[in-house]
Amino acid sequence: MHCFNHQDTPAVGICQSCGKALCMECLAQVYNGLACKDSCEDRVILMNRIMDANAQMVTATKAQMKAFEILEFFIGMVFFALAYYAFKIMGWPAGLVLGVTGFLAIFHVIFRQQKKARFPDLE
Ligand SMILES: [Zn+2]
Ligand SMILES: [Zn+2]
């Protein structure tokens, strides 16, 4: 393959924006990528910045989901504790309602974990 601009010079890389093969002289190395010197540089920088930002956002969302799951699990435990006291103080109907609420919260976390184990890409 030869350079798009210089037919007799071998190409050393491909522009990330327009896909043209380019020689050492025409190629610019920018922010994690290759671009046509002077014409595609800005676009490639922008593209790579956007991709980086997306990757960071996905990581942040995953971390938030994990924090939320821990919180939900904790809330479930609190409801179980409340259910115990409600059962002693107010009788079994109050204890049952709180106990079921706690159970549902914990069940939801476990259900999500199992779904994640089966479909890891779905996250
Ligand atoms: Zn280009
Ligand atoms: Zn060239």
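Residues numbered from 1 in each chain as written. Chains lettered and ligands numbered in written order. Predicted model: local features only at pLDDT ≥ 70, side-chain atom pairs only at ≥ 80, totals over all residues. Heavy atoms only, no water.

**Describing the overall build of the protein chain**
Inference 1: Counting its regular elements, the protein chain contains two helices and four strands.
Inference 2: When the helices and strands of the protein chain are placed in sequence order, the string is β-β-β-β-α-α.
Inference 3: For the protein chain, whose C-alpha radius of gyration is 28 Å, the value lies well above the compact-globule estimate of 14 Å for 123 residues.
Inference 4: Dimensions of the protein chain along its principal axes, counting C-alpha atoms only, are 90 × 25 × 15 Å.
Inference 5: Across the 123 residues that make up the protein chain, the buried fraction comes to 24%.
Inference 6: Across the protein chain, the fraction of contacts at a sequence separation of at least 24, relative to all contacts at a separation of at least 6, is 20%.
Inference 7: As displayed, the protein chain offers around 9100 Å² of accessible surface, 67% of which is attributable to carbon and sulfur atoms.
Inference 8: Between the mean site of the 11 positive side-chain charges and the mean site of the 10 negative ones, the protein chain shows a separation of 15 Å. (Helix = DSSP H or I, 4+ residues; strand = E, 2+ residues; numbered from the N terminus. Rg over C-alpha atoms; globule rule 2.2 N^0.38 Å. Buried < 20%, exposed > 50% of the residue type's maximum accessible area, 1.4 Å probe, protein only. Contact = heavy atoms within 4.5 Å. Areas by Shrake-Rupley, 256 points an atom, 1.4 Å probe, with all protein chains shown as cover. Lys, Arg positive; Asp, Glu negative; His and termini not counted. Charge placed at Lys NZ, Arg CZ, Asp CG, Glu CD.)

**A closer look at the nonpolar core**
Inference 1: Among the nonpolar cores identified, the biggest contains 11 residues, and these are C3, C15, L22, C23, C26, L27, V30, A35, C36, C40 and V44.
Inference 2: Those elements that place two or more of their residues in this core are β3 (27–30) and β4 (33–36).
Inference 3: Contact partners of C36, with chain neighbours within four places excluded, come to C15, C18, L22, C26 and E41. (Core = buried A, V, L, I, M, F, W, Y, C linked by side-chain atoms within 4.5 Å.)

**Digging into the coordination of the zinc ion (ligand 2)**
Inference 1: On the protein side, the zinc ion (ligand 2) has C3 (SG), H6 (ND1), C23 (SG) and C26 (SG) as donor atoms, found 2.0 to 2.3 Å from it.
Inference 2: Considering all four donor atoms around the zinc ion (ligand 2), the spread of angles at the metal, 101 to 115 degrees, places the coordination shape in the tetrahedral class.
Inference 3: Read from N- to C-terminus, the donor residues coordinating the zinc ion (ligand 2) fall into the pattern C-x2-H-x16-C-x2-C. For the pair C23 and C26, a shared accessibility class is recorded, and that class is buried. (Donors = N, O, S within 2.8 Å, 3.2 Å for Na, K, Ca; no water. Tetrahedral: all angles 85-135°; square planar, octahedral: opposite > 155°, others 65-115°.)

**Quick look at the environment of M51**
Inference 1: With respect to the helices and strands, M51 occurs in helix α1 (residues 41–90).
Inference 2: For M51, a relative accessible area of 48% translates into the label partly exposed.

**Brief notes about the coordination of the zinc ion (ligand 1)**
Inference 1: At 2.2 to 2.4 Å from the zinc ion (ligand 1) lie its protein donor atoms, namely C15 (SG), C18 (SG), C36 (SG) and C40 (SG).
Inference 2: Coordination at the zinc ion (ligand 1) comes from four donor atoms whose angles at the metal span 102 to 118 degrees, giving a geometry best classed as tetrahedral.
Inference 3: Positions of the donor residues of the zinc ion (ligand 1), expressed as sequence spacing, correspond to C-x2-C-x17-C-x3-C. Here C15, found in the loop between β1 (13–14) and β2 (21–22), pairs with C36, found in strand β4; they are 21 residues apart in sequence, far enough to count as distant.

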